[in-house]
There are 2 protein chains.
Amino acid sequence: MTVTLADVAARAGVSAATVSRVLNGNYPVATATRSRVLRAVEELEYVVNGPASSLAAASSDLVGVLVNDIADPFFGIIAGAVQDTIGPVTSVPAQGRKLAVICNTGGSPERELTYLTLLQRQRAAAVVLTGSGTDDPGHRAALAARLRRLAAGGVRVVLCGRPLPAEEHGGADGADPAAGTAPEVDGPRPRPVEVPLDNEGGARALTEHLLALGHRRIGHLAGPDHRSTTRHRLAGHRAAMTAAGLPPTPDHLLIHGTFHRDSGYAGALRLLDADPGLTAIAAANDTAALGVCAALRDRGLRVPQDVSVTGFDDLPFAADVAPGLTTVRLPLRETGQAAGRVALGAEVPEDGVVPPEPARVVARDSTAPPRG
Amino acid sequence: MTVTLADVAARAGVSAATVSRVLNGNYPVATATRSRVLRAVEELEYVVNGPASSLAAASSDLVGVLVNDIADPFFGIIAGAVQDTIGPVTSVPAQGRKLAVICNTGGSPERELTYLTLLQRQRAAAVVLTGSGTDDPGHRAALAARLRRLAAGGVRVVLCGRPLPAEEHGGADGADPAAGTAPEVDGPRPRPVEVPLDNEGGARALTEHLLALGHRRIGHLAGPDHRSTTRHRLAGHRAAMTAAGLPPTPDHLLIHGTFHRDSGYAGALRLLDADPGLTAIAAANDTAALGVCAALRDRGLRVPQDVSVTGFDDLPFAADVAPGLTTVRLPLRETGQAAGRVALGAEVPEDGVVPPEPARVVARDSTAPPRG
DNA sequence: TTGAAAGCGTTACCAA
DNA sequence: TTGGTAACGCTTTCAA
């Protein structure tokens with residue numbers, strides 16, 4: 001039923017090996033032969049059998065991209081950039097024609113592990129993990145173990161916007177007691193590469209911006225607890241406060257939520273209840289910040305006249321859509337493209353870390369002085 | 001180096017066949033044997049070789065999902081819903097564990113075809129095409145041919161939010177003269193299934209809403225020309241105008257653009273220049289509508305006091321973020337889930353068309369009467 | 001309930 | 001420059 005290499009070979013009057021060589025273009029073939037083969041391919045509408053080819057070549061052209069929330073443009077932009085870089089229409093010569101598999105983990109460490117297993121099973125060429133990872137020691141250890149196995153299987157691992165989970169100390173396979181008999185790796189494998197996002201610097205710049213405007217009572221709507229991104233952004237915020245000689249944000253002005261709009265809405269209401277006199281709110285990301293704006297509107301407050309709102313640049317147009325919203329512009333496209341190039345093996349730094357692009361504050365309509 | 005079935009079999013003291021049966025769970029195996037095998041799998045950290053298994057079984061567990069713009073939450077929501085339905089954590093029993101491959105076409109018919117070839121090459125179990133398709137006859141024919149080949153290869157095809165491109169009339173393979181010698185299909189294959197979005201009904205409801213508010217000078221910012229979605233939404237708009245006994249929207253109030261924010265911004269300015277007295281603008285989608293809101297703000301106009309703005313529900317929170325924006329709520333999640341179930345083969349209607357969920361108008365702050 | 005063995009369609013090595 | 005031919009790792013009859 002299906003057309004195979006042999007069919008093409010027969011029609012072109014050559015051997016299967018020759019057809020393979022023509023198709024892969026990695027071996028010299030006489031011009032006449034080549035065109036004969038190509039014509040046969042056309043006529044028979046032949047399409048390579050990927051699984052067979054992957055089996056024989058011991059590698060596939062699949063690249064996994066894990067995202068926390070596919071409905072969030074933040075990840076959409078990164079995933080799109082990765083895909084553009086490695087995909088059918090790539091700018092990296094002789095590397096393209098790979099297929100990006102975008103996997104939506106929903107922020108769940110379990111699903112993350114499940115997807116990684118699935119990708120390992122597909123013998124993916126590379127795996128790109130984007131967005132924040134969990135800080136939970138158990139999950140980190142499990143993730144580290146899985147990444148180790150992926151690397152051992154020749155899968156290139158790229159961490160985009162999150163740090164590499166540390167391996168367990170002590171003997172090999174410390175994280176998995178049952179793995180004592182697992183086979184050893186047959187040589188040095190490429191280590192995971194980090195393509196960081198400057199979460200800490202961005203949060204610091206964001207807070208410095210608010211402080212420069214004269215704000216002192218700043219509510220902080222942080223992301224989910226136990227996430228690397230949350231931790232880094234919080235650290236940046238604190239660094240700015242400290243550098244300005246100010247006390248750290250008090251507990252009642254620091255609320256943990258999610259990266260979603262609802263969380264921003266609810267969090268803003270709680271912050272206002274906790275301190276009706278606050279003049280600024282820093283949100284976990286733009287999506288949450290938009291929720292903050294809505295909450296302020298519903299409370300009869302204006303943005304930024306009454307309260308300045310800031311967030312991370314998850315939605316490129318957020319600052320424009322919600323007047324008064326100040327965001328940190330993270331270089332999402334650039335980061336995604338860098339991750340894509342690393343996944344292709346085209347850009348692997350010595351120390352395993354691609355230098356991050358600096359985050360920039362996009363101030364807009366936020367020059368109003370704080371209230372009384 | 002890598003652990004294979006044989007390794008597991010040896011360790012468990014059984015044959016490879018038995019291990020395969022245990023792993024696939026589609027064959028009776030003694031409980032004792034099963035647990036012995038599973039333990040060996042654990043101990044060796046065995047992960048199935050997907051390509052090998054796909055080759056032997058002549059089918060893979062990959063499902064392709066094509067989207068026009070991965071950075072647009074509209075597609076993110078649909079893609080996420082498809083993935084949730086078919087993916088590792090699925091609610092459809094005994095069907096899950098499939099891997100969704102989300103492909104970003106950027107709205108380009110060429111990239112669409114390229115991705116379809118790539119997916120055919122991977123022997124994908126199913127392919128889901130989402131969002132508007134091109135109306136260009138050449139591309140439609142090429143797409144129809146490719147879909148036919150996919151179906152012939154046993155790939156289930158799902159069209160989500162767009163109509164099935166018609167086959168060429170006349171003899172078989174009419175669209176591809178060079179294919180005269182292509183092999184015949186070896187039996188009846190499942191035809192593509194349509195999971196529609198009610199674009200026409202939504203546009204009609206949107207326009208009716210504006211008309212009911214008393215608007216008569218309505219600017220229409222349509223989507224890209226030659227796209228099915230654009231055509232359907234335009235048809236709904238016109239139907240509402242006609243049903244109300246009104247003349248069709250004049251040419252100078254009908255502008256084609258893209259589905260992006262910038263297009264909405266620029267288009268709104270053009271519309272205002274063409275008719276400074278218009279009282280409402282219907283945009284191609286929410287993203288463009290947000291751009292319209294920004295343009296109105298920059299022109300010193302208020303929404304909806306001076307101009308009512310409407311759009312399709314690409315961003316769930318758009319109406320909430322931009323006060324005065326009225327949207328049509330398309331059942332994106334439901335549609336995506338239906339598409340996922342169809343892709344799994346769990347829901348295939350007789351006539352090949354899943355009934356669409358109705359679109360609903362989400363009115364908000366748009367009760368202001370028109371100016372003048 | 002289990003095992004042996006024949007493919008599945010490519011790739012890549014070795015000759016020619 | 002080309003052809004023959006082992007792998008590649010799994011699934012799936014067919015027997016036992």
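So, how was this worked out
Residues numbered from 1 in each chain as written. Chains lettered and ligands numbered in written order. Predicted model: local features only at pLDDT ≥ 70, side-chain atom pairs only at ≥ 80, totals over all residues. Heavy atoms only, no water. Phe/Tyr/Trp six-rings, centres within 6.5 Å; stacked < 30°, edge-to-face > 60°. Buried < 20%, exposed > 50% of the residue type's maximum accessible area, 1.4 Å probe, protein only. Lys NZ or Arg CZ within 6 Å of the ring centre and 35° of its normal. Near = heavy atom within 4 Å. Polar contact = N/O pair within 3.5 Å; in protein donor to acceptor, adjacent residues only side chain to side chain. Helix = DSSP H or I, 4+ residues; strand = E, 2+ residues; numbered from the N terminus. Nonpolar A, V, L, I, M, F, W, Y, C, P; charged D, E, K, R; others polar. Contact = heavy atoms within 4.5 Å. Salt bridge = Lys/Arg side-chain N within 4 Å of Asp/Glu carboxyl O. Core = buried A, V, L, I, M, F, W, Y, C linked by side-chain atoms within 4.5 Å. Least-squares fit on C-alpha atoms with pLDDT ≥ 70 in both. Pairing = 2+ DSSP bridges. Axes fitted to C-alpha atoms, helices over the stretch in contact; angles between N-to-C directions. Disulfide = S-S within 2.5 Å.

Re the packing of aromatic side chains
Residues and elements named next belong to chain A.
Then, number 1: Overall, the coordinates contain 2 aromatic pairs over all chains when judged by the stated rule.
Then, number 2: Taken together, a centroid distance of 4.9 Å and an interplanar angle of 80° make the contact between Phe 74 and Phe 75 edge-to-face. Per residue, the accessibility class of Phe 74 equals that of Phe 75, and both read buried.
Then, number 3: The ring of Phe 312 is capped by Arg 233, whose NZ or CZ atom sits 3.8 Å from the centre of that ring.

A look at the protein's contact with DNA strand D
Then, number 1: By nearness alone, 24 residues border DNA strand D, and Thr 18 and Thr 33 of chain A together with Leu 5, Ser 20 and Tyr 46 of chain B come closest of all.
Then, number 2: Taking all atoms of DNA strand D within 4 Å of the protein, the share assigned to sugar and phosphate is 64%.
Then, number 3: The side chain of Ser 20 of chain B places a nitrogen or oxygen atom 2.6 Å from a phosphate oxygen of DNA strand D.
Then, number 4: Every element with two or more residues in the surface near DNA strand D is listed here: helix H2 (16-24) and helix H4 (50-57) of chain A together with helix H2 (16-24) and helix H4 (50-57) of chain B.
Then, number 5: Residue classes in the surface near DNA strand D are distributed as 13 nonpolar, 9 polar and 2 charged.

Examining the interface of chain B and chain A
Then, number 1: Listed per partner, the contact involves 64 residues of chain B and 65 residues of chain A.
Then, number 2: In this structure, Asp 61 of chain B engages Arg 121 of chain A in a salt bridge whose closest nitrogen and oxygen atoms are separated by 3.1 Å.
Then, number 3: Counting across the chain B and chain A interface gives 23 residue pairs in polar contact (both at pLDDT 80 or more).
Then, number 4: Sorting the residues of the side of chain B that touches chain A by element identifies helix H3 (31-44), H4, helix H5 (73-86), strand E2 (99-104), helix H6 (109-121), helix H7 (137-152), helix H11 (286-298) and helix H12 (318-321) of chain B as the ones contributing at least two each.

Re the protein's contact with DNA strand C
Then, number 1: The environment of DNA strand C is made up of 25 residues, and the closest members are Leu 5, Ser 20 and Tyr 46 of chain A together with Thr 18 and Thr 33 of chain B.
Then, number 2: Across the atoms of DNA strand C situated within 4 Å of the protein, the share located in sugar and phosphate is 65%.
Then, number 3: Leu 5 of chain A has a polar backbone atom sitting 2.5 Å from a phosphate oxygen of DNA strand C.
Then, number 4: Every element with two or more residues in the surface near DNA strand C is listed here: H2 and H4 of chain A together with H2 and H4 of chain B.
Then, number 5: Take the surface near DNA strand C: its biggest share by element is 5 residues, from H4 of chain A.
Then, number 6: Here the surface near DNA strand C is composed, by residue class, of 14 nonpolar, 9 polar and 2 charged.

Considering the nonpolar core
Then, number 1: Core analysis: the biggest nonpolar cluster contains 68 residues, and Val 128 of chain A together with Val 128 of chain B have the highest contact counts within it.
Then, number 2: With residues near it in sequence (within four places) discarded, Val 128 of chain B still touches Val 63, Gly 64, Val 65, Leu 66, Val 82, Val 158, Cys 160, Ala 339 and Ala 343 of chain B.
Then, number 3: Core analysis: the next-biggest nonpolar cluster, separate from the first, contains 52 residues, Leu 278 and Val 292 of chain A together with Leu 278 and Val 309 of chain B among them.

Considering the pattern of salt bridges
Then, number 1: Considering all chains together, one arrives at 32 salt bridges over all chains under this definition.
Then, number 2: One salt bridge connects Asp 84 of chain B with Arg 111 of chain A, and the closest N-O pair in it is separated by 3.2 Å. You can see Asp 84 of chain B sitting in helix H5 and its partner Arg 111 of chain A sitting in helix H6 (residues 109-121), one on each of two chains.
Then, number 3: A relative accessible area of 23% means that Asp 84 of chain B is categorised as partly exposed.
Then, number 4: With a relative accessible area of 17%, Arg 111 of chain A lands in the buried category.
Then, number 5: As a salt-bridge pair, Asp 262 of chain B and Arg 261 of chain B come within 3.4 Å of each other at their nearest N and O atoms.
Then, number 6: A relative accessible area of 13% places Arg 261 of chain B in the buried class.
Then, number 7: Because the salt bridges share partners, they merge into one network encompassing Arg 11, Arg 39 and Glu 43 of chain A.

Structural notes on the relation of the copies chain B and chain A
Then, number 1: Rotating chain B by 180° and translating it 0.1 Å along the rotation axis places it on chain A, where the RMSD comes to 0.1 Å. On this basis, the relationship between the two copies can be described by a two-fold rotation axis.

Thoughts on the sheet that holds strand E6 (residues 218-222) of chain A
Pairing between the strands of a sheet comes from backbone hydrogen bonds, and it takes one of two forms, parallel or antiparallel.
All names here are of chain A.
Then, number 1: Spatially, 6 strands are ordered E7-E6-E8-E9-E10-E11 in an open sheet, and the strand pairing comes out mixed. The open sheet is flanked by strand E7 (254-256) and strand E11 (360-362), the only strands paired with a single partner. Taken over all neighbouring pairs, the strand axes of this sheet differ in orientation by 20° on average, direction set aside.
Then, number 2: Each of E6, strand E8 (280-283), strand E9 (308-312), strand E10 (325-329) and E11 touches helix H8 (residues 199-212); the most contacted strand, E9, lies at about 170° to it.

Structural notes on the state of the cysteines
Then, number 1: Counted under the stated rule, the structure contains 0 disulfides over all chains.
Then, number 2: No disulfide involves Cys 293 of chain A; its sulfur sits 14 Å from the nearest other cysteine sulfur, which is in Cys 293 of chain B.
Then, number 3: In this structure Cys 293 of chain A comes out as buried when scored by relative accessible area, which is 4%.
Then, number 4: Unpaired in terms of disulfides, Cys 103 of chain B finds its nearest cysteine sulfur in Cys 103 of chain A, a separation of 11 Å.
Then, number 5: Its relative accessible area of 0% is what places Cys 103 of chain B among the buried residues.

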